[in-house]
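# Observations on the model geometry
Listed below are the residues making up each chain.
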Amino acid sequence: MAPAAPFNPPSADLPGKPFVPEWVPPPVTKETHKFAKLKSIELSLLDSEDPAVVDALIQNVKTAIRDDGFLFLENYGVSLEQLHRQFALAQYLYYNISDEDKDNLLFDPETGRWSGYKHPYGFKRQRGPTDGIEQFNWYKPDWEDINRVPKCLHPFMDEIESFCNYLTKSVNRRLLTLFSRVLELPDDYLWDNVQSHGSPTGEGYFRYALFRPVEKQTEEASKGLRMHGHTDFGLTTLLFSVPISCLQIWGRDEEWYYVPYKPGALVINIGDTLEIVSGGHFKATRHRVFKPPVDQLHEERLSLVLFNSSVGDLRMAPAAESPLIQREGCVEEQGVYKEFKNLTSKGQLVPTNRQWREIQISTATDPTDTVRNRVGADQVVIDGKVMHQREYMGVKVVLPV
Ligand SMILES: O=C(O)CCC(=O)C(=O)O
Ligand SMILES: [Fe+2]
């Protein structure tokens, strides 16, 4: 393939841009116990003129996503300095956002759209117990109307928008090429038929999140959980590897493992859509956010995330044209693909992508909710393990706690 152009953002020093203090990565944990060993993929190898190199790359991707459902992505075209500038902007946001913007731009997740500012009092618009998580999320309307963005970020929207355009239209597009090739489909199959378009994040969204250390009361109520075990509902999620270790991944041995810090790397999650479109060959990544190891308990954690979403009106189904699926059939051992297949085989319509996304956002529960998070309410015991069980539009979702 023609070599992909590296990220070339607008300058940080244009006239009128306020000074933004550097982001200094906090110290890495000394803890090594219960850390995952993730496979790492170099995206730049897709440009190689040697077909053997490209074949080996596709094989590596295939193994990583079929075995683990997650991988590290490196050499994708954004330098560490460019990335740290985005973390500096996220940090700047939380030092400078006004109370007026916090009120005016407050999210309303009950609409199914997690757009705007999330206060640190839980996942509902009304304030609940403190969870210490602040977020700003850009959806399509937030890209189109500057008044939906905190004022302190207005001078930097050129950089933020160009970052998201690069992540979506270069990094994610190349990533989808790798996945299309694993399915033995044309390079742009997933990009053209499944990925949503029309804004810097399509119908997906981009997030600047800040996790502050929590009080004892919050920690006790949530048992250290900051976000429930879940799978992302979209196509792929691009998470930036961060020094404060809170993100955990559910291993094949049914234990949680922290994702280690790899400076500059992206952690790639497979979303529900990709599990379904691949007929279960790719597993949606089961992950959660948990308190960090003891030596990081008092640190603030910034997290930047790009959620790539499939076309909203699409009813997800396996890509029947995939030679891999035709040859090997679908893989039904677990997960959302199996549940969708059950519905289809009963002659029922599966949710559209937008419905699937919006129902989960609008009914999200808090890790601090001691009424919902117990056996008999949202939890069940399966084979001696406590699992979180929800049902969305007739689709049962069972996830590790
Ligand atoms: O902040 C993180 O590392 C993960 C967040 C996450 O999983 C999500 O928002 O879906
Ligand atoms: Fe997630």
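As shown above, the structure is provided for reference.
Source: prediction; values computed, not measured.

### Considerations on the side chain of T218
- Along the chain, T218 turns up in helix α7 (residues 216–222).
- Residues contacting T218, with those up to four places away along its chain left out, are T130, D131 and T368.

### Focus on the sheet that holds strand β14 (residues 385–392)
- Strand order in the open sheet made by the three strands is β13-β14-β15, with antiparallel pairing throughout. Pairing within the sheet leaves two strands with one partner each, and these edge strands are β13 (379–382) and β15 (395–400). On average, each strand axis in the sheet is tilted by 40° relative to the strand beside it, whichever way the strands run.
- Sheet topology places β14 next to β15; six bridges connect them, and they run antiparallel. If you follow H388 over to β15, its bridge partner there is L399.

### With respect to the pattern of salt bridges
- Evaluation of the coordinates by the stated rule reveals 23 salt bridges.
- One salt bridge in this structure joins E159 and K17, with 2.7 Å as the shortest N-O distance. Pair noted here: E159 is in helix α5 (residues 157–182) and K17 is in the segment before β1 (40–42), with a separation of 142 residues, a long-range link. The two residues E159 and K17 agree in class, both being buried.
- In this structure, R354 engages E203 in a salt bridge whose closest nitrogen and oxygen atoms are separated by 3.5 Å. Taken together, the residues R354 in helix α11 (residues 353–362) and E203 in the loop between α6 (189–193) and β5 (205–211) connect sequence positions 151 residues apart.

### Focus: the packing of aromatic side chains
- Within the structure shown, the criterion is met by 20 aromatic pairs.
- Centre to centre, the rings of F136 and W138 are 4.8 Å apart; their planes meet at 80°, and the pair counts as edge-to-face. The two residues F136 and W138 agree in class, both being buried.
- Through pairs of rings, three or more aromatic residues link up here, namely F7, F136, W138, W143, F163, Y166, F206, Y208 and F240.
- One cation-aromatic arrangement involves R301 over F211; the distance from NZ or CZ to the ring centre is 4.9 Å.

### Section: the coordination of the iron ion (ligand 2)
- The protein atoms donating to the iron ion (ligand 2) are H230 (NE2), D232 (OD) and H287 (NE2), with metal-donor distances spanning 2.1 to 2.2 Å.
- Counting gaps between the donor residues of the iron ion (ligand 2) yields the pattern H-x1-D-x54-H.
- On the basis of relative accessible area, H230 is assigned to the partly exposed category, the value being 21%.

### Things to note about the site of ligand 1
- The environment of ligand 1 is formed by R207, F211, M227, H230, D232, L239, L247, H287, V289, R301, S303 and F307.
- Within the side chain of S303, one N or O atom sits 2.9 Å away from an oxygen atom of ligand 1.
- Protein chains shield 94% of the accessible area of ligand 1, which is 300 Å² for the free molecule.
- At the level of secondary structure, the elements contributing two or more residues to the shell around ligand 1 comprise β5, β6 (225–230), β11 (287–290) and β12 (301–308).
- With three residues, the single largest contributor to the shell around ligand 1 is β12.
- Here the shell around ligand 1 is composed, by residue class, of six nonpolar, three polar and three charged.

Here is what the cut-offs are and how they apply
Residues numbered from 1 in each chain as written. Chains lettered and ligands numbered in written order. Predicted model: local features only at pLDDT ≥ 70, side-chain atom pairs only at ≥ 80, totals over all residues. Heavy atoms only, no water. Helix = DSSP H or I, 4+ residues; strand = E, 2+ residues; numbered from the N terminus. Contact = heavy atoms within 4.5 Å. Pairing = 2+ DSSP bridges. Axes fitted to C-alpha atoms, helices over the stretch in contact; angles between N-to-C directions. Salt bridge = Lys/Arg side-chain N within 4 Å of Asp/Glu carboxyl O. Buried < 20%, exposed > 50% of the residue type's maximum accessible area, 1.4 Å probe, protein only. Phe/Tyr/Trp six-rings, centres within 6.5 Å; stacked < 30°, edge-to-face > 60°. Lys NZ or Arg CZ within 6 Å of the ring centre and 35° of its normal. Donors = N, O, S within 2.8 Å, 3.2 Å for Na, K, Ca; no water. Near = heavy atom within 4 Å. Polar contact = N/O pair within 3.5 Å; in protein donor to acceptor, adjacent residues only side chain to side chain. Areas by Shrake-Rupley, 256 points an atom, 1.4 Å probe, with all protein chains shown as cover. Nonpolar A, V, L, I, M, F, W, Y, C, P; charged D, E, K, R; others polar.

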